[in-house]
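Structural features, examined
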Amino acid sequence: MATIHAQSFAPPHGSGGWDALEMATHCQKDLCFGLDSEDDLAAFIILSVVMDQAEILTIATAPSARRTGLGRALLDLAISELEARGVTDLFLEVAEDNAPAIALYRSTGFIPMGRRPGYYRRAGGRVAALTLSRKLTGSG
């Protein structure tokens, strides 16, 4: 997980990802799902859940598995599980220069709700974070 995260959020696009200890900590306290490709982890999502609200903390796909539908599959899996648990609101933050991620989130029903200027560091400066949300059925 740490390797995929570092490949996905390495400078100049982010902080270089979370290390193995941080990943282990998230796996112990948060909701995590992964998808394999040829018996190796290819993509994962980590969510924080508090009562009827959840936040996507991170979602990452190995470079060799990108643009194969794994991101959408993870979102669908996570949303289904969250709804079964009674979660009604799902939130996330995404860098405003991450067009593929924004397109994925919008295509799965997320809507913009705010913007945090200068939130992410880049080699050439800072870029804003967009905050997005989606209502879930919460039928659990």
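Overview of the structure. Bear in mind the structure is a predicted one, so any value in this text is a computation, not a measurement.

The biggest cluster of nonpolar side chains holds 29 residues, and the ones touching the most others in it are Ile45, Leu47, Ile56, Leu90 and Tyr105. Broken down by secondary-structure element, the contributors of at least two residues to this core are strand E1 (31–37), strand E2 (40–50), strand E3 (53–61), helix H3 (70–84), strand E4 (89–95), helix H4 (99–107) and strand E6 (125–135). No other element matches H3, which puts six residues into this core. Leaving out residues up to four positions away in the same chain, Ile56 has contacts with Ile45, Ile46, Leu47, Leu75, Leu90, Phe91, Leu92 and Phe110. In terms of nonpolar packing, the next biggest core, distinct from the first, is built from six residues, Ile4, Phe44, Ile46 and Ala62 among them.

It is worth spelling out the sheet that holds E6 at this point. In spatial order, the strands read E1-E2-E3-E4-E6-E5; together these six strands make up an open sheet with mixed pairing. Each end of this open sheet is capped by a strand with a single partner; those strands are E1 and strand E5 (111–122). Across the sheet, the mean angle separating the axes of adjacent strands is 25° when strand polarity is ignored. Note: E2 against E3, eight bridges, orientation antiparallel. Bridge pairing in E3 places Ile45 opposite Ile59. Its contacts with the sheet place helix H2 (residues 20–29) against E1, E2 and E3, and it is angled at close to 55° to E2. Docked against the sheet, H4 engages E3, E4, E5 and E6, running at close to 160° with respect to E4.

Its identity is not glycine, yet Met51 carries a phi of approximately 55°, on the positive side. With respect to the helices and strands, Met51 occurs in the loop between E2 and E3. What makes Met51 exposed here is its relative accessible area of 76%. Although it is not a glycine, Arg67 sits at a positive phi angle of roughly 65°. With respect to the helices, strands and loops of the structure, Arg67 is situated in the loop between E3 and H3. According to the relative accessible area criterion, Arg67 is exposed, its value standing at 79%.

Along its 15 residues, H3 runs 21 Å from first to last C-alpha, staying within 8% of the 21 Å computed at 1.5 Å per residue. Burial in H3 covers these residues: Leu70, Gly71, Leu74, Leu75, Ala78, Ile79, Leu82 and Glu83. As for H3, its buried residues are in contact with E1, E2, E3, E4, H4 and E6. One or two positions beyond H3, positive phi appears at Gly86, with a value near 90°.

Turning to the packing of aromatic side chains, a few remarks are in order. All chains considered together, the criterion is met by two aromatic pairs. Here the aromatic rings of Tyr105 and Phe110 are separated by 5.6 Å at their centres, their planes lie at 70°, and the arrangement is edge-to-face. The same class applies to Tyr105 and to Phe110, which are both buried. A ring pair is formed by Tyr119 and Tyr120, whose centres lie 5.0 Å apart and whose planes are at 85°; its orientation type is edge-to-face. Note on Tyr120: relative accessible area 23%, which makes it partly exposed.

Cut-offs applied
Residues numbered from 1 in each chain as written. Predicted model: local features only at pLDDT ≥ 70, side-chain atom pairs only at ≥ 80, totals over all residues. Heavy atoms only, no water. Core = buried A, V, L, I, M, F, W, Y, C linked by side-chain atoms within 4.5 Å. Buried < 20%, exposed > 50% of the residue type's maximum accessible area, 1.4 Å probe, protein only. Helix = DSSP H or I, 4+ residues; strand = E, 2+ residues; numbered from the N terminus. Contact = heavy atoms within 4.5 Å. Pairing = 2+ DSSP bridges. Axes fitted to C-alpha atoms, helices over the stretch in contact; angles between N-to-C directions. Expected span 1.5 Å × (residues − 1). Phe/Tyr/Trp six-rings, centres within 6.5 Å; stacked < 30°, edge-to-face > 60°.

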